[in-house]
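# Survey of secondary and tertiary structure
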Amino acid sequence: MPNKMLTFVKIGQQTPPKRDVDKRKQDFKEIYKDFIHGKAGEQSSRCSQCGVPFCQIHCPLSNNIPDWLKLTAEGRLKEAYELSQSTNNMPEVCGRICPQDRLCEGNCVIEQSGHGTVTIGSVEKYITDNAWEQGWVNPIKIKNEKNQSVGIIGAGPAGLAAAEQLRKLGYQITVYDRYDRAGGLLIYGIPNFKLEKFIVERRTKLLEKSGIKFIQSFEVGKDSTLDQLRKKHDVLLIATGVYKAREIELPGSALGNIFPAMEFLTASNKKGLGDKVKLFDDGTLNAEGKDIVVIGGGDTAMDCVRTSIRQNAKSVKCLYRRDKENMPGSAREVANAEEEGVEFVWLSSPKEFIGTNKVKELVVNSIKLGEPDDSGRKKPDVQKNSEFNIKADIVIQALGFDPENLPKLFSSDDLRVTKWGTLKTNFDTMETNLPGVFAAGDIIRGASLVVWAIKDGRDAAEAMKNFLENKELRKEWVA
Ligand SMILES: Cc1cc2nc3c(=O)[nH]c(=O)nc-3n(C[C@H](O)[C@H](O)[C@H](O)COP(=O)(O)OP(=O)(O)OC[C@H]3O[C@@H](n4cnc5c(N)ncnc54)[C@H](O)[C@@H]3O)c2cc1C
Ligand code: SF4
């Protein structure tokens, strides 16, 4: 039985850190509690088994939370793990990074009655981490491999969940990804201190051992067209995520040291994985000793400010055009960032970047919130003569992501997209307008959450299985 499960990992550490707990706690004020079984049991027994499982209803995967909490409270950890993994392909990942305050935990009746939620995410993480340690998590064993083959484009959570579900049914699976490692945003987007990379690698290795073939550094659109892959496989899944960074065009936007969030985060994650990263090593993408300004108010912005703090930035400011109550990011993430020393400049919007060659300062306008707009959110209005300047050695833009132009990228003009550029799919079957081509995850939802990507991957797998079975039946009829 493990006696502690700590999530605090600094850049460069890929295995659970070995430094003593007290030292780690001194590093930052955020509380990383030792999670011993006693505490998991204690938390689990706080569940009132209320009869109307609002937590389960608000979990996108409809995890059977009350039952695995009960099993944990009774010390029946193997059964708790089996139940938890039956609806979730990566419970230890969701336990770590789901915004539980907006999902399961935010709807716990104990939380609603003012007594503090059962920490469902931490228990979920504990159950699965413990299962790994006990050797209960094993590769899929196929008795009779089917002769039909599935191609999956994208090794993020949507693609991986679909791959696992279909492999369990015996299909031959090949996953293509343009990154050099599998995991999608789990590996190169979400920082190490929120989700340790060995957790992701442990999962992808398990899938490899289950007989799933991974072809990395393979970009559909460059290394093959969509049509070529359609000919190669009986069915295809597109799970390519959304990667086109939104940018603000302002005077001075072309100055150096203004980066999109993903460039900054990917460099940091690669460094953490032990890679040589020229732009990090030469200081360009390293926040150490610098004044950092992050523009944006979502979870990606929080990841950038918290990564900068961990890189020992001189100062870290976050500019957001609305106020704290109207931030899109998780309240818990904002609280963590504040606790770690990030300065939030609420109700502010950049007007101009100033510098020679490289950015040196931002001219910023103050904002007043006006009447609600069409979306129901208060409109941010720039206040006249409200300008002030902020010093910056690096500016990071974290303003969200849009889909790339997939029909063009895939040389597949007939692939239909929505007005937002996400793939258009049949609501019931998740099939695109191209027969046998399905889609899942951010590429159909727009930037969303890991737990939704897993849900989509599982749903798509179910629909693809039906498609493959029908295809086989049709063959038999013709024969
Ligand atoms: C910085 C950041 C932090 C986040 N933090 C959280 C969080 O804390 N909690 C949470 O729930 N969600 C978080 N999210 C959102 C979450 O990561 C995504 O919703 C989720 O990863 C989407 O999964 P996906 O499988 O659809 O796509 P992705 O994870 O983006 O995976 C898509 C994969 O497709 C590959 N690909 C793309 N195009 C091609 C191509 N042409 N050929 C081959 N391969 C291709 C990519 O390389 C990638 O590996 C965060 C997102 C970001 C950007
Ligand atoms: S998957 Fe996410 S929402 Fe569902 S129980 Fe786990 S932490 Fe909560």
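For the structure, check the block above.
Residues numbered from 1 in each chain as written. Chains lettered and ligands numbered in written order. Predicted model: local features only at pLDDT ≥ 70, side-chain atom pairs only at ≥ 80, totals over all residues. Heavy atoms only, no water.

### With respect to the overall build of the chain
For clarity, the cut-off: A run of H or I in DSSP becomes a helix once it reaches four residues, and a run of E becomes a strand once it reaches two; helices and strands are each numbered from the N terminus. The globule rule used for comparison is 2.2 Å times the number of residues to the exponent 0.38, while the radius of gyration itself is calculated over C-alpha atoms. Using a 1.4 Å probe on the protein chains alone, a residue whose accessible area is under 20% of its type maximum counts as buried, one over 50% counts as exposed, and one in between counts as partly exposed. For the accessible areas, the method is Shrake-Rupley and the probe is 1.4 Å, while residue cover comes only from the protein chains on display. Counting rule for charge: Lys and Arg are taken as positive, Asp and Glu as negative, and neither His nor the chain ends is counted. By convention, the point assigned to a charge is CZ for Arg, NZ for Lys, CD for Glu and CG for Asp.
Looking only at helices and strands, one finds 19 helices and 16 strands in the chain. In terms of overall dimensions, the chain is globule-like: its C-alpha atoms have a radius of gyration of 23 Å, near the 23 Å expected for 479 residues. Projected onto its principal axes, the C-alpha coordinates of the chain cover approximately 75 × 55 × 50 Å. Evaluated residue by residue, the chain yields a buried proportion of 54% over its 479 residues. When the accessible surface of the chain is totalled, it reaches about 22,000 Å², and 49% of it is carbon and sulfur. Within the chain, the 66 negative side-chain charges are centred at a point lying 2 Å from the centre of the 70 positive side-chain charges.

### Regarding the packing of helix H4 (residues 65-73) against helix H5 (residues 77-85)
Let me state the cut-off plainly: Between N-to-C directions, angles span 0 to 180 degrees; the directions come from axes that are lines fitted to C-alpha atoms, helices contributing only their stretch in contact. Angle categories: roughly parallel below 35 degrees, roughly antiparallel above 145, roughly perpendicular from 65 to 115, and oblique for all the rest. Throughout, a crossing is termed right-handed when the near helix is turned clockwise from the far one, and left-handed when it is turned anticlockwise from it by less than a right angle. Residue contacts follow a heavy-atom distance rule, with two residues in contact if any of their heavy atoms lie within 4.5 Å.
Packing of H4 against H5 brings their axes to within 8 Å, and their N-to-C directions diverge by 165°. In terms of orientation, H4 and H5 fall into the roughly antiparallel class. As H4 packs across H5, the resulting crossing turns out to be left-handed. From H4, Asp67, Trp68, Leu71 and Thr72 reach across to H5, where they touch Leu77, Glu79, Ala80, Leu83 and Ser84.

### Quick word on the pattern of salt bridges
Defined as follows: Should a side-chain nitrogen of Lys or Arg be within 4 Å of a carboxyl oxygen of Asp or Glu, the pair is scored as a salt bridge.
With the rule as written, the count across this model stands at 34 salt bridges. Lys70 is the partner of Glu74 in a salt bridge, and the nearest nitrogen-oxygen pair spans 3.2 Å. Of the charged contacts, one joins Glu74 and Arg76 as a salt bridge, the two residues approaching to 2.6 Å between their closest N and O atoms. Look at Arg76 and you get partly exposed, because its relative accessible area is 37%. Residues participating in the shared-partner salt-bridge network are Asp180, Arg181, Glu201, Lys270 and Asp275.

### Notes on the nonpolar core
As a reminder of what qualifies: By nonpolar core is meant a set of buried Ala, Val, Leu, Ile, Met, Phe, Trp, Tyr and Cys residues that side-chain atoms within 4.5 Å join together.
Counting 71 residues, the largest nonpolar core has Val150, Ile173, Leu186 and Leu237 as the members making the most contacts within it. Broken down by element, the residue count for this core peaks at 10 residues, all from helix H19 (residues 450-478). Counting residues in each nonpolar core, the second largest holds 28 residues, with Phe264, Ile309, Val316 and Val342 among its members.

### A closer look at the pairing of strand S8 (residues 315-319)
Where we set the bar: Only strands joined by at least two bridges in the DSSP assignment are considered to pair.
For S8, a buried count of 5 out of 5 residues is recorded, marking the element as mostly surrounded by other parts of the structure. The alternating pattern of S8 places Ser315, Lys317 and Leu319 on one face and Val316 and Cys318 on the opposite face, and all of these are buried. The sheet contact formed by strand S7 (residues 291-295) and S8 spans 5 bridges and is parallel. Looking at the pairing, Val294 lines up with Cys318 of S8.

### A closer look at the packing of aromatic side chains
Our working rule: Any pair of Phe, Tyr and Trp rings, taking the six-membered ring for Trp, is counted once the centres come within 6.5 Å. Such a pair is stacked with planes under 30 degrees apart, edge-to-face with planes over 60 apart, and tilted for the rest. Placement of a charge over a ring requires the Lys NZ or Arg CZ to be within 6 Å of the ring centre, with the centre-to-atom vector within 35 degrees of the ring normal.
A complete count under the given rule lists 5 aromatic pairs for this structure. On the numbers, 4.9 Å between centres and 85° between planes, the contact of Tyr179 with Tyr188 is edge-to-face. Tyr188 sits in the buried class, given a relative accessible area of 0%. One aromatic cluster in this structure is built from Tyr179, Tyr188 and Tyr243. The positively charged end of Lys146 is found above the aromatic ring belonging to Tyr171, 5.1 Å away from the centroid. Between Arg310 and the ring centre of Phe193, over which it is positioned, the NZ or CZ distance is 3.9 Å.

From the geometry alone we can't say anything about function, so treat these as descriptive.
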